[in-house]
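Coordinate analysis (summary)
Listed below are the residues making up each chain.
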Amino acid sequence: MRTNSQPAAATEGFPMELDIRNIAKDFGGTAALHGVDLHVASGELVALLGPSGSGKTTLLRIIAGLEFPTRGQVFFGEIDASEKTVQERNVGFVFQHYALFKHMTVADNIAYGLRARPKARRPDEAEIARRVETLLDLVQLGGYGKRYPSQLSGGQRQRVALARALAIEPQVLLLDEPFGALDAKVRKELRRWLRELHDRTGHTTLFVTHDQEEALDLADRVVVMSNGQIEQVGTPEDIYDAPASPFVFDFIGEASRIPVTVKGGVPFIGDRAVSAGSGRRAPDGPATLYVRPENVLVRAGAAGEGIPATVATVHRSGSSRRLGVRIEGVDAVVEAIAPAEGLPLQVGASVAVGLRAPGVFATG
Amino acid sequence: MAIRFVQPSVIPGFRLALGFTLAYLALIVLLPLGALVFRASELGLSEIVSLALDERTFKALEISFVTAFLAALFNVPFGLLVAWVLVRYDFPGRRLLDAMIDLPFALPTAVAGIALTALYAPNGWIGSYAAMLGLKIAFTPVGIWIALVFVSLPFIVRTVQPVLAEVDREVEEAAATLGASRLKAVWSVILPVLTPAILTGFALAFARSVGEYGSVIFIAGNIPYVSEIAPLLIVIKLEEYDYAGATAIATIMLAISFVMLLVINLIQGWARRRFGRV
Amino acid sequence: MSDVSAPARLMSDAETDTPARRLRKPPRLPTEESPLVRVSLIGLAVVLLLAFLLLPLVAVFTEAFRQGIDGFVEAVNDPDGIAAIKLTLLVAAISVPANLVFGVAAAWAIAKYEFRGKAFLITLIDLPFSVSPVVAGLVYVILYSTSHGVFGGYLQSHGLQIIFAVPGIVLATIFVTFPFIARELIPLMEEQGTTDEEAALSLGATGLRTFLTVTLPNVKWALLYGVLLCNARAMGEFGAVSVVSGHIRGLTNTMPLHVEILYNEYQFAASFAVASLLAALALVTLGLKSLLELRYADELAAGRRH
């Protein structure tokens, strides 16, 4: 059994796995989180994705110790951090609006966490200056140390906030909407840059975003949240290709819905059975089938295999056409993508439709 | 292209409104203040200085400035404490307490003066206890200081309060995630942001205290060389028909008012440049 | 359970590490102080405020009624006292409307137009606040005193009396209450901009009609707020009025001056009785002011300073 007196310096910055066990949070009677479980492996880059009000920021703040859960525990490695204060947790937190200290220079902002340490663990000023320089170079802001935050652009402030969080050699890096306040172009550049930085430093990192493109592009794994619950956890491919719930289908990418009836585990559109996709099963009874536009295959002519349908709308969109296809027998129009050339598709044309990788979920 | 005095606008009445404003300003404020400056210039700088260096005048100015400074200084921590409690904590009676802060603004100074004297005179509610300890409050500079603390407290509270209310909680949280204790976070992150407001409040409190008359003269005892304040000396000189003496003291005090106004504007300009929008 | 013996990776002061299941109150939020600190700070602030602000007020009313209701009535219902009340009302009735008209005109010019020297004009309007009341009185004496004033000779030859008479008291009062209404209106009207007025004008309203039906309703609560503060100061002003009044009983004594005279004559109960009327006015002013702030916070200018 190891003792607790091990010097902290040996473990600082150690990439840390993170375990969230049954975290719930009530704000004056309304539940923001209902019993969330999540495991994040050491060195992983994970996105918490969801609409506003889904509880993702609350979860991030609970991990940091900025809020306390109504029940549940947060483990850093094997240590229960639930009763640790935010100061003791040693997390790097990047705030949505950066929360830079505007009365301090960039260098003083970055050095803040080092200077706040108790004397025994505080580096001397020369060492602090050296580390600040290294961090400024790391975030590509060498030479900006003497400026004030008000003299920087949004993207530069964001990087200062990141350098400040990294300065304390955190066990976990937490970012709340890190690119939310930036314009689209800077956002994309910083996204790529953050990924490269993560690959170099290897911090266990969680970031909150409401932008699915950002989450799918950047993260090793994506946690989709809604209404205080986790809807699905998986790689970006899993999340996009095999959504586990109607919410994920709707929230990530696009999806059309078709009312179906499940009999003996097989979904029927009218009296025509369709393949149920992989691994998801809805109980017998009325259900809804979800399918992505690119997975709707349209063939000309009513004959042959496929679900009979008619073309309801046609829109040219760049190199392809977007079709609205009305499925016969049910009141549903399905979005589909077809090449710009080729098939002679006019409004009113009869077509046959094939559905790839649909999801079927019980209605209601 | 010539720079226009006023940008064109479809809204009517500019000439009338500005004309009336300037005329009224000139008549009520500029003309009388100009008269003082005119009389002072008739005296000449050396005469003003020699009048001010008259021992009794010099002592009165010194008492006014020192007590005003000490009152404003005391009101910095006091006002900060009150602003903090009013902004950050919710407790029964908070609104009442908040409304009470403006009492010194609303209560006529003469009323405050006799009330404070009733409290702190050697036979007063508090003064009698102090007297038992051998302390004298009223009729000493301490009494003046108490009256000035009373009249100038709202300046600090009311300049700090709105700034404190707007401090971004995320900044405090950022300090905490970086390992700063609560005390360190307040000291290193909140206090510096409040500094311009504190300095402005201090300057306003000081300016008000230096010129304060009504609340002080009852409790001061007005003993020459001990507890006689400069504004009172102006009144005394006037009663003695010593217009030159009154003008000299008033000129010095007016100059102080201008300096304080300038200081306040400089502080606010500096704060805007330094803290910009982040 | 393994976490009891886990390595201390969190912090060096991890000796506070406790078994995970032990129930303990969670630590307080990082932006909060401990309950003890909180209660101490509130307690200290309340005690200091009660001692410094409330106690003098209590003293006024206690001393006023020291000789009972009868003593109070007798003190107030004295010919000189009545004259002082009447004069105070008269002075306020002239100076408040005068500053009201000025405040509206100044705010209109400053808020609705862009012109050079605007910032300097605002500084000049604020100037009377930083001038000692005694100096405010003195400048009028220097200007209008029949014996020494700049215009003394002219006034003397036309038999006009300003200093040691009601006009001087009114002028000094206007001076010290000069900025109150303007500084409430200027920030609010700047914030509101000119779009409402432009809309009204484009609909064919005349300038005056636009002002009365669009601008004025938009600022009515701020206007009332300014009038309230202006009136309180006008009725309570002491220093400036004291210098120009001449203290002629029954003629040029306002209520605050009457308080002083009674006090200096050792008629303490009577002095506090009159003072208590002024204190009551202050309380009513504070009450109405708080009410306005509570109900119409949005319609008073943001970032208002006192």
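Just so it is clear, the structure is predicted and the values come from calculations on it, not from any experiment.

1. Here we look at the overall build of chain A
- In terms of helices and strands, chain A carries nine helices and 20 strands.
- Reported as C-alpha extents along the three principal axes, the dimensions of chain A are approximately 80 × 45 × 35 Å.
- Across the 364 residues that make up chain A, the buried fraction comes to 52%.
- In chain A, the share of contacts with a sequence separation of at least 24, taken over all contacts with a separation of at least 6, comes to 68%.

2. What about the environment of G301 of chain A?
- Residue placement: G301 of chain A occurs in the loop between β15 (296–300) and β16 (307–317).
- Judged by its relative accessible area of 31%, G301 of chain A is partly exposed.

3. Focus on the sheet that holds strand β10 (residues 229–234) of chain A
Residue and element names in this part refer to chain A.
- The strand order across the open sheet formed by six strands is β6-β7-β8-β3-β9-β10, and the pairing between neighbours is mixed. Of all strands in the sheet, those with a lone pairing partner are β6 (91–94) and β10, marking the two edges. Going across the sheet, the axis of each strand differs from the next one's by a mean of 15°, ignoring polarity.

4. Here's the deal with the domain arrangement of chain A
All names here are of chain A.
- Split by domain assignment, chain A resolves into domain 1 (18–246) and domain 2 (256–362).
- Taking only C-alpha atoms, the centre of domain 1 and the centre of domain 2 are 41 Å apart.
- Every contact between the two is made by seven residues of domain 1 and, on the other side, five residues of domain 2.
- It is Y240, P243 and P246 that lose the most area in domain 1 upon contact with domain 2, and together they represent 72% of the buried surface on that side.
- Here domain 1 is connected to domain 2 by zero salt bridges.
- The interface formed by domain 1 and domain 2 contains two residue pairs in polar contact (both at pLDDT 80 or more).
- Broken down by class, the residue content of the side of domain 1 that touches domain 2 amounts to six nonpolar, one polar and no charged.

5. What to know about the side chain of N253 of chain C
Residue and element names in this part refer to chain C.
- In this fold, N253 is placed in the loop between α11 (239–245) and α12 (255–264).
- Look at N253 and you get buried, because its relative accessible area is 2%.
- Setting aside its immediate chain neighbours within four residues, N253 contacts A83, A84, L87, S245, H247, I248, H258 and I261.

6. Focus: the layout of surface pockets
- As a volume, the second largest pocket reaches approximately 570 Å³.
- As for the second largest pocket, its lining consists of 25 residues, of which T117, F139 and F218 of chain B together with Y263 and F268 of chain C are closest to the centre.
- Those elements that place two or more of their residues in the lining of the second largest pocket are α6 (109–120), α11 (214–220) and α12 (230–239) of chain B together with α12 and α13 (268–295) of chain C.
- Broken down by element, the residue count for the lining of the second largest pocket peaks at four residues, all from α12 of chain B.
- Considered class by class, the residues forming the lining of the second largest pocket number 14 nonpolar, seven polar and four charged.

7. Regarding the pattern of salt bridges
- Evaluated as defined, the whole model comprises 41 salt bridges over all chains.
- In this structure, E228 of chain B engages R56 of chain B in a salt bridge whose closest nitrogen and oxygen atoms are separated by 2.6 Å. Linking E228 of chain B in the loop between α11 and α12 with R56 of chain B in helix α3 (residues 55–88), this pair joins segments that are 172 residues apart in sequence.
- When its relative accessible area of 25% is taken as the criterion, R56 of chain B is described as partly exposed.
- K112 of chain C is the salt-bridge partner of E197 of chain C, the closest N and O atoms lying 3.2 Å from each other. With E197 of chain C in helix α9 (residues 195–202) and K112 of chain C in helix α3 (residues 79–112), this pair connects stretches of sequence that are 85 residues apart. Neither E197 of chain C nor K112 of chain C differs from the other in exposure class; each is buried.

8. Description of the interface of chain B and chain C
- With 91 residues of chain B at the contact, the number on the chain C side is 97 residues.
- Across the chain B/chain C interface, buried area totals approximately 8300 Å², and carbon plus sulfur atoms make up 80% of it.
- Counting the surface chain B buries against chain C, the share from its top three residues, I11, Y89 and W125 of chain B, is 8%.
- At the surface where chain B touches chain C, the tally comes to two salt bridges.
- A salt bridge links K289 of chain C to D102 of chain B, with the shortest nitrogen-to-oxygen separation between them at 2.3 Å.
- Inspection of the chain B/chain C interface yields 16 residue pairs in polar contact (both at pLDDT 80 or more).
- In terms of residue class, the side of chain B that touches chain C is made up of 70 nonpolar, 12 polar and nine charged.

9. So, unusual backbone geometry
- Although it is not a glycine, F139 of chain B adopts a positive phi angle of roughly 70°.
- With respect to the helices and strands, the residue F139 of chain B is situated in the loop between α7 (127–132) and α8 (141–166).

10. Some thoughts on α8 of chain B
Residues and elements named next belong to chain B.
- The end-to-end C-alpha distance of α8 is 38 Å, a good match for the 38 Å that 26 residues give at a rise of 1.5 Å each.
- The largest bend in α8 amounts to roughly 40° and is located at S152, with the proline P154 lying one to four residues further along.
- The buried count for α8 comes to 19 of 26 residues, which makes it a mostly enclosed element.

11. Here we look at the pairing of β10 of chain A
Residue and element names in this part refer to chain A.
- Here strand β9 (residues 221–226) pairs with β10 via five bridges, running antiparallel. Note on β10: the bridge partner recorded for M225 is I230.
- Linking β9 to β10, which pair antiparallel, is a turn of two residues; within it N227 sits at a positive phi near 50°.

12. Description of helix α1 (residues 56–64) of chain A
- The element α1 of chain A is largely enclosed, with a buried count of eight among its nine residues.
- If you check which residues of α1 of chain A are buried, you get K56, T58, L59, L60, R61, I62, I63 and A64 of chain A.

13. Some remarks on the sheet that holds strand β4 (residues 71–76) of chain A
Residues and elements named next belong to chain A.
- Strand order in the open sheet formed by four strands is β2-β1-β4-β5, and the pairing between neighbours is antiparallel. The sheet is open, and its two borders are formed by β2 (30–40) and β5 (79–80), each paired with just one other strand.
- Sheet topology note: the strand β1 (residues 18–27)/β2 ladder contains seven bridges and is antiparallel. In the sheet register, L18 faces β2, and the bridge partner there is V40.
- Sitting on the sheet, α1 is in contact with β1, β2 and β4, with an inclination near 115° to β1.

14. Considerations on the side chain of R322 of chain A
Residues and elements named next belong to chain A.
- You can see R322 is positioned in strand β17 (residues 320–327).
- Of note is the side chain of R322, whose polar atom sits 3.2 Å from the side chain of E254.
- If we skip the residues at most four places from it in the chain, R322 touches E254, P293, T313, V314, H315, S317, E335, A336 and I337.

15. Concerning the packing of α12 of chain C against α13 of chain C
Residue and element names in this part refer to chain C.
- In the contact formed by α12 and α13, the axes pass within 8 Å of each other and the chain directions differ by 160°. By the angle between their directions, the pair α12 and α13 is classed as roughly antiparallel. You can see that α12 and α13 cross each other, and the crossing is left-handed. Counting all contacts with α12, which are made through M255, P256, H258, V259, L262 and Y263, the residues of α13 involved are F268, A270, S271, F272, V274, A275, L277 and L278.
- When grouped by side-chain class, the residues that make up the contact of α12 with α13 number 12 nonpolar, two polar and no charged.

16. Quick look at the pairing of β4 of chain A
All names here are of chain A.
- Two elements, β1 and β4, share five bridges in a ladder whose sense is antiparallel. Looking at the pairing, A24 lines up with R71 of β4.
- In this structure, β4 lies alongside β5, joined through two bridges in antiparallel fashion. Residue F75 lies in a different strand from β5, and its bridge partner there is D80.

Conventions we followed
- Residue numbers run consecutively from 1 along every chain, following the written order of its sequence.
- For naming, the first written chain is A and the first written ligand is 1, with later ones following in the order written.
- Given that this is a predicted model, residues contribute local features only at a pLDDT of at least 70 and side-chain atom pairs are listed and counted only at 80 or more, while totals for whole chains, interfaces and linings are drawn from all residues.
- As a rule here, side-chain values come from all non-hydrogen atoms in the structure, and water together with hydrogens is ignored.
- Strands here mean DSSP runs of E at least two residues long; helices mean DSSP runs of H or I at least four residues long; both are numbered from the N terminus.
- Burial status follows relative accessibility: with a 1.4 Å probe on protein chains alone, a residue under 20% of its type maximum counts as buried, one over 50% as exposed, and anything between as partly exposed.
- Note on contacts: a residue pair is in contact if any heavy atoms of the two residues lie within 4.5 Å.
- At least two bridges found by DSSP between two strands is the condition for calling them paired.
- Throughout, an axis means a line fitted to C-alpha atoms (over the contacting stretch in the case of helices), and angles, computed between N-to-C directions, take values from 0 to 180 degrees.
- Where each domain starts and ends follows an automatic or database-derived domain assignment.
- By buried area we mean the combined loss of accessible area, with a 1.4 Å probe, across both parts when two parts are placed together.
- Just to be clear on terms, a salt bridge is a Lys or Arg side-chain nitrogen sitting within 4 Å of an Asp or Glu carboxyl oxygen.
- In protein, a polar contact requires one atom able to donate a hydrogen and another able to accept it; more generally it is a pair of N or O atoms within 3.5 Å, and residues adjacent in sequence count only if both atoms are side-chain atoms.
- Each residue gets one of three labels, nonpolar for Ala, Val, Leu, Ile, Met, Phe, Trp, Tyr, Cys and Pro, charged for Asp, Glu, Lys and Arg, and polar for the others, Gly among them.
- The distinction between a cavity and a pocket rests on a 1 Å grid over the protein atoms alone: a 1.4 Å probe fits inside a cavity but cannot get out, while a pocket stays open yet meets protein on both sides within 12 Å along at least five of seven lines, and a residue with an atom within 4 Å of a point counts as lining.
- Grid points are joined across faces, edges and corners, and a volume is the space filled by probe spheres set on the points.
- Here the expected length of a helix is defined as 1.5 Å per residue gap, with one fewer gap than residues.
- Fitting axes to the seven residues ending at a residue and to the seven starting there, one defines the bend at that residue as the angle between these axes.
- Here is the rule for angles: anything less than 35 degrees is roughly parallel, anything more than 145 is roughly antiparallel, 65 through 115 is roughly perpendicular, and the remaining ranges are oblique.
- Throughout, a crossing is termed right-handed when the near helix is turned clockwise from the far one, and left-handed when it is turned anticlockwise from it by less than a right angle.

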